[in-house]
Amino acid sequence: MLIRVPKGTQDILPEDISKWYYIEDIIKEILNKYGYKEIRTPFFEYTDLFVRGIGESTDIVTKEMFTFPDRKGRSLTLRPEGTAPVVRAYLENSMGRISKVIKLFYIGPMFRCEKPQAGRFRQFNQFGIEIIGTKSPAADAEVIITALDVYKKLGLKNLEILINSVGCKKCRFDYIQKLKKYLKDKKELLCSDCKMRYEKNPLRVFDCKKDGCQKIIEKAPLITENLCQECESHFAQVKSYLDDQKIVFHEDPRLVRGFDYYTKTAFEIISGELGAQNAIAGGGRYDDLVEELGGKPTPAVGFAAGIERMIIAIDQQKVKWPEEKGLDIFVAKVDEKNKDSAFKLLQKIRNAGLSADMDYSEGSLKSQMRIANKLRVRYTVIVGEEELSKNMVILRNMQTKEQKEIKIDNIINEL
RNA sequence: GUGGGCGUAGCUCAGACUGGUUAGAGCCCUGGAUUGUGGCUCCAGAGGUCGGGGGUUCAAAUCCCCUCGCUCACCCCA
């Protein structure tokens, strides 16, 4: 049996790598335009960072982390998300001293030990941004706008923006009490999952797809109707900034995200091109996380976006990827006797800054021409006995099929 | 973790219901068609433990059981 890639992982093959370069370039271009600086954190962290950051009772922490001990028995975890590590790095490097507000972005692999399905992998790539140090609702709006700008540049359509406010510590606590009170006498009618949710995280009952639970939750009090004044005003301002930018969004009072650290704004961008896993980006405000991880109280907001899902959506839309450009030059030898001259010429061309290659195996000229064709080179330089004796080679234009003899010394100028 | 679908050549698939000679096609790959020249066409060739194991049978890709893998969905999320 051949060894395969681990479940939920995949190879990105040379034929697909240009898609990744293309997307990564656009992401970096847009994020730089908005003033974000890249940060690269390790692929693994001490487990406690995620337990404290994401929340002990969340699905990610309870059943989806790749956790392993190092040789001294300390528990490490492959990062399942990017925000907690960025906040850790922010604190560890005292980045708050550089400026009051700091804008960071990351791009790279995340790991979650889930059962794979369409658009869900165990190792997947995200890019994300974090604005740390401001509670301004403009920052919330900017984060959403930034994501949309990336998608726009990539030609992604059929996107929907869902937005909600989950309140702050105070009003959410009050609201959960209220919700529990509402659900209390109806508890027996809930499905078994929701009974559990009632205890652990009653907000999640809103997410339940079962008709019975939906009926019960339909008339439940909504978080958006129970926000404190500050949260309500913040939410209103975020929406107003989005309206100013003519961004169409849907308020979804049932939107609850899977990380405990969110406060106030929570949002998701979903794509109609995806399967059941249709979220292409998700994020929100996390005003308490920095403090929970040992820093001074520092408000922050950000999002994470899935790159594989972007690729799937782009493929689905049949948006054309930019064409991969071939090599400039292929050097072909008529006979094995000419291989040394051909190799010297090849290096001369490369040293002049052009991309070039040759075939080192003992193929016929015909087979070399086929290779040149497949590489989609602009010119093929043919090195043959007859011409070499005159210090010349043949230069063939692969598009026009025109070819001429040129002096070897002039080759760089000719190209 | 729980379900459904599917595993035949590198890729996309036929053959399976109605077991029966060397398991097929297209694409891809290699070589050739005036031996110093590509893309098109034509010709030839390479490539398969029919996912794996066991069973039924004179005979299994085909029927039965087990197992592994992939995939989609639930859950949750990017």
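Residues numbered from 1 in each chain as written. Chains lettered and ligands numbered in written order. Predicted model: local features only at pLDDT ≥ 70, side-chain atom pairs only at ≥ 80, totals over all residues. Heavy atoms only, no water.

S.K.: Any chance you could explain the domain arrangement of chain A here in plain terms?
M.R.: Many descriptions give the size of an interface as the accessible area lost when the pieces come together. Taken domain by domain, chain A consists of domain 1 (14-168 + 228-317) and domain 2 (329-414). The distance between the C-alpha centroids of domain 1 and domain 2 comes to 50 Å. (Domains from an automatic or database assignment.)

S.K.: Whenever I open this one, the pattern of salt bridges confuses me. Can you help?
M.R.: A side chain of one charge can pair with a side chain of the opposite charge when the charged atoms of the two come close. Per the stated rule, a full pass over the model turns up 23 salt bridges. For the salt bridge of K153 with E29, the shortest nitrogen-to-oxygen distance reads 3.1 Å. Taken together, the residues span a long stretch of sequence, with K153 in helix α5 (residues 137-154) and E29 in helix α1 (residues 14-33) at a distance of 124 residues. Taking the relative accessible area as the measure of exposure, K153 reaches 43% and is therefore partly exposed. (Salt bridge = Lys/Arg side-chain N within 4 Å of Asp/Glu carboxyl O. Helix = DSSP H or I, 4+ residues; strand = E, 2+ residues; numbered from the N terminus. Buried < 20%, exposed > 50% of the residue type's maximum accessible area, 1.4 Å probe, protein only.)

S.K.: Even after reading the chapter, I still don't get a nonpolar patch on the surface, so can you show me in this structure?
M.R.: A cluster of nonpolar side chains, contributed by F43, F44 and F68, occupies part of the molecular surface with about 280 Å² of accessible area. Checked against the element boundaries, F44 lands in strand β2 (residues 44-46). (Patch = residues over 30% accessible without salt bridge, like charges linked within 9 Å, V, L, I, M, F, W, Y side chains within 5 Å. Areas by Shrake-Rupley, 256 points an atom, 1.4 Å probe, with all protein chains shown as cover.)

S.K.: Please clarify how the sheet that holds strand β3 (residues 67-69) should be interpreted in this entry.
M.R.: Note on sheets: strands pair through backbone hydrogen bonds, and any given pair is parallel or antiparallel. Here three strands make up an open sheet; going across it, the order is β2-β4-β3 and the pairing antiparallel. Whereas interior strands pair on both sides, the edge strands pair on one side only; in this sheet they are β2 and β3. On average, each strand axis in the sheet is inclined to that of its neighbour by 35°, with strand direction left out of account. Where β2 lies against strand β4 (residues 75-78), three bridges are found, and the strand directions are antiparallel. Along β4, the bridge assignment pairs F44 with L78. Across the sheet, helix α2 (residues 47-54) is in contact with β2, β3 and β4; its angle to β2 comes to roughly 80°. (Pairing = 2+ DSSP bridges. Axes fitted to C-alpha atoms, helices over the stretch in contact; angles between N-to-C directions. Contact = heavy atoms within 4.5 Å.)

S.K.: What should I look at first to understand the protein's contact with RNA strand B in this one?
M.R.: Contacts to RNA strand B come from 47 residues, most closely from R120, R257, G258, A279 and M398. Sugar plus phosphate, as a fraction of atoms of RNA strand B within 4 Å of the protein: 50%. The side chain of D59 places a nitrogen or oxygen atom 3.4 Å from a sugar or linking oxygen of RNA strand B. At a separation of 3.5 Å, a base nitrogen of RNA strand B approaches a polar backbone atom of G119. Among the secondary structure elements, those contributing two or more residues to the surface near RNA strand B are β6 (123-132), β10 (279-285), β11 (300-306), α13 (365-374), α14 (385-388) and β15 (392-397). The element contributing the most residues to the surface near RNA strand B is α13, with seven residues. Classifying every residue of the surface near RNA strand B gives 15 nonpolar, 12 polar and 20 charged. (Near = heavy atom within 4 Å. Polar contact = N/O pair within 3.5 Å; in protein donor to acceptor, adjacent residues only side chain to side chain. Nonpolar A, V, L, I, M, F, W, Y, C, P; charged D, E, K, R; others polar.)

S.K.: Quick question: what am I supposed to make of the packing of aromatic side chains here?
M.R.: Geometrically, a pair of aromatic rings is defined through the distance of the ring centres and the angle of the planes. Tallied over the entire structure, the rule returns 10 aromatic pairs. On the basis of an interplanar angle of 50° and a centroid distance of 6.4 Å, the ring pair of F43 and F111 is categorised as tilted. Linking F43 in the loop between β1 (37-38) and β2 with F111 in strand β5 (residues 102-111), this pair joins segments that are 68 residues apart in sequence. Judged by its relative accessible area of 43%, F43 is partly exposed. F111 sits in the buried class, given a relative accessible area of 9%. Chaining the aromatic ring pairs together yields one cluster made of F259, Y261, Y262 and Y286. Positioned above the aromatic ring of Y36 is the side chain of K103, whose terminal nitrogen or guanidinium carbon lies 4.6 Å from the ring centre. (Phe/Tyr/Trp six-rings, centres within 6.5 Å; stacked < 30°, edge-to-face > 60°. Lys NZ or Arg CZ within 6 Å of the ring centre and 35° of its normal.)

S.K.: Looking at this structure, how should I read the side chain of Q368?
M.R.: Tracing the chain through its elements places Q368 in helix α13. The exposure class assigned to Q368 is buried, which follows from its relative accessible area of 0%. Of note is the side chain of Q368, whose polar atom sits 3.3 Å from the backbone oxygen of G363.

S.K.: Help me understand the packing of α1 against helix α11 (residues 307-317), please; the structure alone is not making it clear to me.
M.R.: The relative placement of two packed helices is expressed as an angle between their axes plus a distance between the axes. As a packed pair, α1 and α11 sit with axes 11 Å apart at the nearest point and diverge in direction by 110°. What the angle tells us is that α1 and α11 run roughly perpendicular. The chirality of how α1 crosses α11 is right-handed. Together, K19, W20, I23 and I27 of α1 and I307, E308, M310, I311, I314 and D315 of α11 make up the contact between the two elements. Classifying every residue of the contact of α1 with α11 gives seven nonpolar, no polar and three charged. (Parallel < 35°, antiparallel > 145°, perpendicular 65-115°, else oblique. Left-handed = near helix turned anticlockwise from the far one by under 90°.)

S.K.: Got a minute to help me understand the pairing of β10 in this structure?
M.R.: On a regular strand, one side chain projects to one face of the sheet and the next to the other, so that they alternate. Along β10, six of the seven residues are buried, which leaves the element largely enclosed by surrounding structure. The sheet contact formed by strand β9 (residues 263-271) and β10 spans six bridges and is antiparallel. From the neighbouring strand, E268 faces β10, where its bridge partner is G282. Where β10 and β11 come together, five bridges link them in antiparallel fashion. Within β11, the position partnered with R285 by the bridge is V301.

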